[in-house]
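Architecture and fold: a report
Each chain, written out:
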Amino acid sequence: MPTLEAPAQEAPAPAQQAPAPTQEAPAPTQEAPAATPEAPAPTPEAPAAGREALAPRVDDDSDVNRRQVLYWRLLARLFDQEEQPALESVSLAVVEDIGLPAALLDPQTSVDSLVQRHPELAAEFDGLMVPEESGEDRDRAAEVRRAALVSKVLLNVFARGSGTVSAGRLARWQSDAAWLERALGCKPGELRAGRAPAQSPGARGAAGAGVGPTGTGGNRHTPDLSRLIPEIGPELGAIEADLVKRMHLREVLADPQLAAALTPSMSLIEQLLRDKDNLSGVALANAKALIRRFVDEVAQVLRTQVEKSTVGPLDRSVPPKRVFRNLDLDRTIWKNLTNWSPEEERLYVDRLYYRHTARRTTPQRLIVVVDQSGSMVDSMVNCTILASIFAGLPKVDVHLIAYDTQALDLTPWVHDPFETLLRTQLGGGTDGTAAMALAQPKIAEPRNTVVVWISDYYEWRGEQLFESMSALHRSGVKFIPVGSVTSSGRGSVNPWFRERFKDQGTPVISGHIRKLVDELKTFLA
């Protein structure tokens, strides 16, 4: 037993001593944690820099969410006229937070009214939707503001509503559509009907206050109209046509004050031409005034396009006119250098040289045949005006024929497109052989004759008509088949005719009216 207790008595002693170092060992452990709080000291500083770097990302997410709210509200209002209270309240908070007026969210407030109250917004609407070069640094806050303005324009234009349309409502829509065209970097009316703007593009500074939808996209890139016109123009035209159909047009025309509020457009002109036989008195006079205004506006645009390139090559067989403005001073000096007198330091001129200014023009006959069925009203208006412009050119003999199931020779009125349109009768079928019977006797010199045939070519006697057209082409006539000469570029052509015209070497011209103008200028130059 003593042998067992002795080690037990001695063992605790070292055990008592052993803890001493154990008590000392924790000292460094206490010191180590002391260093541990110091080590993380830089860590709070590192996150500080990290938070500065991440802060914009948090704001970016907020801006992205706010922009999405505005676009979701736009979609909700376009597809459902009922307000969504949650979207409306959040959108109002976003708009007020970015410093825009609450009226921006009211679809009943036109862009014109908004700009009149807040003139500084005009510059922001101008070129608003023109694509910009995207860089690495994107201003998310500016994108939220842009989304709010874009939503305003799109909602006002594409939310048709329902019920009867008043003249004031149609005028407001036309004004908002002009702002949409301006936002796309185009001139007002360019996408819908190709009419001349209210003022020249160079006068944009005068519209700095922005109270009217005039001007272009400023310094931003102009969009490719060849893409925008076919895609957007017809949609705007369809909306405008729907608004016109829902308007009690006869009642509006009977009231001079309401009629004065109407802005002439292709959709309105089509409705007037269809209904002209049912109008009388004041209503008929107002209808004629609207048609006259529209014809003059379109003629202004087309006349400019025609006059730019209707000049033929110089005709050197005609002696130059010997007047001072035609004097070729450089050539005169060069040709008389042999007469230079060094002693007198004088140049003696024994012959003057003049510039040739006469242009070579060959008498041409232009025969325009237009399908006046209901689907071709846009082409009918444009080509009637175009024919009158070419009729005013020297040495161009223009004939105009309109047809549906019967043909009508409108040549006596070709110089006045207004009177020509009043004599048209839209609607009915199409029988081009009747028009061909009127056109063929007018061709005296095939080589100096161009026939422009405008139709969708859905004919009753298709094969017979095509054989007649092929015969004209083989005889030397410049035959130009046109499927759609509209301001917006929309149109369809019978595939059967399209393929045969292509095989014949006379492909169908479809699209904007400028294509036909260019083709005619090439032949008549």
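Just above, that's the structure.
Just so it is clear, the structure is predicted and the values come from calculations on it, not from any experiment.

So, on to the nonpolar core. Phe125, Leu253, Leu262, Leu272 and Ile291 are the most contacted members of the largest nonpolar core, which totals 88 residues. The contact partners of Phe125, leaving out residues within four places of it in the chain, are Leu104, Val111, Leu114, Val115, Leu149, Val153, Trp179, Arg182 and Ala183. Counting residues in hydrophobic clusters, the runner-up holds 21 residues, among them Ile401, Ala439, Met469 and Phe501.

Time to look at the pairing of strand β6 (residues 449-454). Of all 6 residues in β6, 6 are buried, a share of seventy percent or more. Of the two faces of β6, the one carrying Thr449, Val451 and Trp453 and the one carrying Val450, Val452 and Ile454 are both buried. As judged from the 6 bridges shared by strand β3 (residues 364-371) and β6, these two strands associate in the parallel manner. What sits directly across from Leu366, in β6, is Val450.

Glancing now at empty space enclosed by the protein. This model, assessed by the stated rule, comprises 3 cavities of 30 Å³ or more. If you add up the space inside the largest cavity, you get close to 50 Å³. Surrounding the largest cavity, Leu70, Arg73, Val95, Leu104, Leu105, Ala148, Ser151, Lys152 and Leu155 form its lining. Those elements giving two or more residues to the lining of the largest cavity turn out to be α5 (42-79) and α9 (140-158).

Looking at the element boundaries, Asn326 is found in the loop between α15 (281-308) and α16 (329-335). In this structure the side chain of Asn326 is engaged in a polar contact, spanning 3.1 Å, whose partner is the backbone oxygen of Lys321. Beyond its immediate stretch of four places on either side in the chain, Asn326 contacts Lys321, Tyr353, Tyr354, Arg355 and Thr357.

So, about the packing of aromatic side chains. One pass over the full model with this rule turns up 10 aromatic pairs. Summarising the aromatic geometry, the rings of Tyr403 and Trp453 are spaced 5.8 Å apart at their centres and angled 55 degrees between planes, so their arrangement reads as tilted. Of the two residues, Tyr403 sits in strand β4 (residues 396-403) while Trp453 sits in strand β6, which places them 50 residues apart along the sequence. Ring geometry for Tyr457 and Phe501: centres 5.3 Å apart, planes at 70 degrees, overall edge-to-face. Residue Tyr457 is found in the loop between β6 and α20 (462-474), and its partner Phe501 is found in helix α21 (residues 495-504); the two are separated by 44 residues along the sequence. Side by side, Tyr457 and Phe501 carry an identical accessibility label, which is buried. Three or more aromatic residues joined by ring pairs form one cluster here, namely Tyr457, Phe466, Phe479, Trp496, Phe497 and Phe501.

Taking 1.5 Å per residue as the helical rise, α20 with its 13 residues ought to reach 18 Å, and the 18 Å between its terminal C-alpha atoms agrees with that figure. Among all positions of α20, only Gly462, Leu465, Phe466, Ser468, Met469, Ser470 and Leu472 are buried. Within two residues after α20, Gly476 carries a phi angle of roughly 110 degrees, on the positive side.

Topologically, Asp63 is positioned in helix α5. In this structure the side chain of Asp63 is engaged in a polar contact, spanning 2.7 Å, whose partner is the side chain of Arg66. If near-sequence neighbours (up to four positions away) are discounted, Asp63 is found in contact with Arg140, Ala141 and Val144.

What follows deals with the pairing of β3. Of all 8 residues in β3, 7 are buried; the element is thus mostly enclosed. Two strands pair when backbone bridges link them, and β3 and β4 are joined in this way by 8 bridges, in the parallel orientation. Note on β4: the bridge partner recorded for Arg365 is Asp397.

Under the criterion given, the structure shown has 13 salt bridges. In this structure, Arg246 engages Asp242 in a salt bridge whose closest nitrogen and oxygen atoms are separated by 2.7 Å. For Asp242, a relative accessible area of 24% translates into the label partly exposed. Ionic contacts of the salt-bridge type, sharing partners, join the residues Asp63, Arg66 and Asp97 into one network.

One way to put it is that helix α19 (residues 432-439) packs onto α20 with a least axis distance of 9 Å and a crossing angle of 30 degrees. As summarised for this structure, α19 and α20 are arranged roughly parallel, according to the angle between their axes. Between α19 and α20 lies a crossing of left-handed hand. On the side of α19, the interface is formed by Gly432, Thr433 and Met436, while α20 contributes Gln464, Leu465, Ser468, Met469 and Leu472. Its residues placed into classes, the contact of α19 with α20 shows 4 nonpolar, 4 polar and no charged.

All right, on to the packing of α9 against helix α10 (residues 167-183) then. Packing of α9 against α10 brings their axes to within 9 Å, and their N-to-C directions diverge by 140 degrees. It follows from the interaxial angle that α9 and α10 lie oblique. Note on packing geometry: the crossing formed by α9 with α10 is left-handed. Residues Val153, Leu154, Asn156, Val157 and Phe158 of α9 pack against Trp173, Asp176, Ala177, Trp179 and Leu180 of α10. Considering only residue class, the contact of α9 with α10 consists of 8 nonpolar, 1 polar and 1 charged.

Criteria and cut-off values
Residues numbered from 1 in each chain as written. Predicted model: local features only at pLDDT ≥ 70, side-chain atom pairs only at ≥ 80, totals over all residues. Heavy atoms only, no water. Core = buried A, V, L, I, M, F, W, Y, C linked by side-chain atoms within 4.5 Å. Buried < 20%, exposed > 50% of the residue type's maximum accessible area, 1.4 Å probe, protein only. Contact = heavy atoms within 4.5 Å. Helix = DSSP H or I, 4+ residues; strand = E, 2+ residues; numbered from the N terminus. Pairing = 2+ DSSP bridges. 1 Å grid on protein atoms, 1.4 Å probe; cavity = no way out; pocket = protein on both sides within 12 Å on 5 of 7 lines; lining within 4 Å. Points joined across faces, edges and corners; volume = space filled by probe spheres on them. Polar contact = N/O pair within 3.5 Å; in protein donor to acceptor, adjacent residues only side chain to side chain. Phe/Tyr/Trp six-rings, centres within 6.5 Å; stacked < 30°, edge-to-face > 60°. Expected span 1.5 Å × (residues − 1). Salt bridge = Lys/Arg side-chain N within 4 Å of Asp/Glu carboxyl O. Axes fitted to C-alpha atoms, helices over the stretch in contact; angles between N-to-C directions. Parallel < 35°, antiparallel > 145°, perpendicular 65-115°, else oblique. Left-handed = near helix turned anticlockwise from the far one by under 90°. Nonpolar A, V, L, I, M, F, W, Y, C, P; charged D, E, K, R; others polar.

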